[in-house]
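Residue-level structural notes
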Amino acid sequence: AGDWEQITETADSAPYLMYDSVDDNRVRPAHKAWDGTVLRWDDPWWATHRPPNGWSCRCSTIQLSDSDLRIMGKSPGSSPPVTTREFTNRRTGEMTRIPDGIDPGFAYNPGASRIQQLQRQLADKQKAFDDGR
């Protein structure tokens, strides 16, 4: 969550994130395919694909500025296609769809989720205050 807060705070000067997998024989095929993907920090793809994307995932993101991209010879692309699969929670029986390449329980961005939770709590407190509670 703290990493995401830092990304959002510096997004004006470094608005891009690059997916970075560890280039060895233990990298999952989907994660290897995403390696080097450059998207704006606020691209919806990061809502479900912000590393770590599973148990023992060693992937990360690197925040980049326009000049970083020029130096690296990279440019922002489009979001990789997202395909999903059914996952049934054996404990609850609940069936959900999760993106391929992402382990169950990892298809969200903890930092963004934390900010949304704080915003909801603030709105609830503001409403309670306005209602005179």
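Treat the numbers as computed from the prediction; the structure is a model and nothing was measured. (Residues numbered from 1 in each chain as written. Predicted model: local features only at pLDDT ≥ 70, side-chain atom pairs only at ≥ 80, totals over all residues. Heavy atoms only, no water.)

**Describing the state of the cysteines**
Under the criterion given, the structure shown has 0 disulfides. With no disulfide partner, C57 has as its closest neighbouring cysteine sulfur the one in C59, 3.7 Å distant. Taking relative accessible area as the criterion, C57 reaches 14% and is therefore assigned buried. (Disulfide = S-S within 2.5 Å. Buried < 20%, exposed > 50% of the residue type's maximum accessible area, 1.4 Å probe, protein only.)

**Let's talk about the confidence of the model for the chain**
Detailed reading of the predicted model is not advised wherever pLDDT is low. In this model, the chain carries a mean pLDDT of 90, and residues with pLDDT of at least 70 account for 92%. Here helix α5 (residues 110-130) is the element of the chain with the lowest mean pLDDT, 70, and strand β2 (residues 38-40) is the one with the highest, 98. (pLDDT = per-residue confidence, 0-100. Helix = DSSP H or I, 4+ residues; strand = E, 2+ residues; numbered from the N terminus.)

**Brief notes about the sheet that holds β2**
Hydrogen bonds between backbone atoms are what pair the strands of a sheet, whose relative direction is either parallel or antiparallel. The strand order across the open sheet formed by 3 strands is β2-β1-β3, and the pairing between neighbours is antiparallel. The open sheet terminates on both sides in strands that have one partner only, identified here as β2 and β3 (60-64). Put simply, the sheet's adjacent strands are angled 35 degrees from each other on average, direction ignored. Judged from the 5 bridges that link them, strand β1 (residues 16-20) and β3 form a sheet pairing that is antiparallel. If you follow Y19 over to β3, its bridge partner there is T61. (Pairing = 2+ DSSP bridges. Axes fitted to C-alpha atoms, helices over the stretch in contact; angles between N-to-C directions.)

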